[in-house]
Amino acid sequence: MNSPIVYEAELTFERRGAGARRVASGEKPDEDDLPAGRLMKVTKLMALAIRFEELIADGVVTDYAELARLSLVSRARVTQIMNLRLLAPDIQEAILFAPEIRKGRDPISVRDMQPIALAANWKHQRDMWRELSSRLGPNVSTDSQ
């Protein structure tokens, strides 16, 4: 009769966004070769909001609707991103210069930041930021005053 064929191989899996995985080719990289960490998504979106604002100011794009079309996202998403520019300057700086995340989920999301950004008073924003960042531990700066 037929004997089963056994095939052994070492596979390396890479995690890609939202839990998706793919088989990586080659050998598993050394731990020393891996990057130290990654930026939070809200950090990247803060930088993107600044860039979007520059594009509008320079006349490259006319409005949020055009940004949405070019970025392949909804106008609502562009508004969420641009709302980050309503934050007090020191909070924006804390987000931009937040430490890299070593593992796990991002400690702050855009959803966490929306109520803070929509508070009209910067002192109130700072109080809300201090409360949010204190719950998150050492991954996020709480130096905003």
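Residues numbered from 1 in each chain as written. Predicted model: local features only at pLDDT ≥ 70, side-chain atom pairs only at ≥ 80, totals over all residues. Heavy atoms only, no water.

### Re the overall build of the chain
In terms of regular secondary structure, the chain is built from six helices and two strands. Ordering the α and β elements of the chain from the N terminus gives β-β-α-α-α-α-α-α. Burial status across the chain gives 30% buried among its 145 residues. For the chain, long-range pairs separated by at least 24 residues make up 58% of all intrachain contacts whose partners lie at least 6 apart in sequence. Looking at the chain as shown, the accessible area adds up to about 10,600 Å², and 52% of this sits on carbon and sulfur atoms. (Helix = DSSP H or I, 4+ residues; strand = E, 2+ residues; numbered from the N terminus. Buried < 20%, exposed > 50% of the residue type's maximum accessible area, 1.4 Å probe, protein only. Contact = heavy atoms within 4.5 Å. Areas by Shrake-Rupley, 256 points an atom, 1.4 Å probe, with all protein chains shown as cover.)

### Examining the nonpolar core
Membership of the largest hydrophobic core comes to 28 residues, with the highest contact counts inside it found for Val42, Leu87, Ile95, Met113 and Trp129. Broken down by secondary-structure element, the contributors of at least two residues to this core are helix 1 (41-57), helix 2 (64-71), helix 3 (75-83), helix 4 (89-96), helix 5 (110-117) and helix 6 (122-135). For this core, the leading source of residues is helix 1, giving six residues. (Core = buried A, V, L, I, M, F, W, Y, C linked by side-chain atoms within 4.5 Å.)

### Side note on helix 2
Taken together, the buried positions of helix 2 are Ala65, Leu67 and Ala68. The buried side chains of helix 2 occupy one side of the element, clustering within an arc of 160 degrees when seen end-on. Seen from the buried face of helix 2, the exposed residues on the opposite side, beyond 90 degrees, are Arg69 and Leu70. In this structure, the buried residues of helix 2 make contact with helix 1 and helix 3. At the C-terminal side of helix 2, Leu72 shows a positive phi close to 60 degrees. (Arc of directions from axis to C-beta.)

### Digging into the packing of helix 1 against helix 3
One way to put it is that helix 1 packs onto helix 3 with a least axis distance of 8 Å and a crossing angle of 95 degrees. Considered as vectors, helix 1 and helix 3 are oriented roughly perpendicular to each other. Here Lys41, Leu45, Leu48, Ala49, Phe52 and Glu53 of helix 1 lie close against helix 3, whose contacting residues are Arg77, Ile81 and Met82. The residue makeup of the contact of helix 1 with helix 3, split by class, is six nonpolar, no polar and three charged. (Axes fitted to C-alpha atoms, helices over the stretch in contact; angles between N-to-C directions. Parallel < 35°, antiparallel > 145°, perpendicular 65-115°, else oblique. Nonpolar A, V, L, I, M, F, W, Y, C, P; charged D, E, K, R; others polar.)

### Some details on the packing of helix 1 against helix 4
At a closest axis distance of 8 Å, the pairing of helix 1 and helix 4 adopts a crossing angle of 125 degrees. With respect to helix 4, the axis of helix 1 lies oblique. Note on element contacts: helix 4 touches helix 1 through Gln92, Ile95 and Leu96, opposite Val42, Thr43, Met46, Ala47 and Ile50.

### Section: unusual backbone geometry
Notably, Leu72 is not glycine yet its phi reads approximately 60 degrees, a positive angle. Looking at where Leu72 falls in the secondary structure, it is placed in the loop between helix 2 and helix 3.

### Observations regarding the confidence of the model for the chain
Looking at the chain as a whole, the pLDDT averages 82, with 72% of positions reaching at least 70. By mean pLDDT, strand 2 (residues 20-24) is the weakest element of the chain at 57, and helix 3 is the strongest at 95. For the stretch residues 139-145, pLDDT sits under 50, and the model shows 21 contacts to residues farther than four places along the chain or on other chains. (pLDDT = per-residue confidence, 0-100.)

### Looking at the pattern of salt bridges
Tallying each qualifying case throughout the model produces six salt bridges. With a closest N to O distance of 2.6 Å, Arg85 and Glu53 form a salt bridge. Residue Arg85 is located in the loop between helix 3 and helix 4, and its partner Glu53 is located in helix 1; the two are separated by 32 residues in the primary sequence. Note on Arg85: relative accessible area 26%, which makes it partly exposed. Of the charged contacts in the structure, one is a salt bridge between Asp127 and Arg130, with a shortest N-O distance of 3.1 Å. (Salt bridge = Lys/Arg side-chain N within 4 Å of Asp/Glu carboxyl O.)

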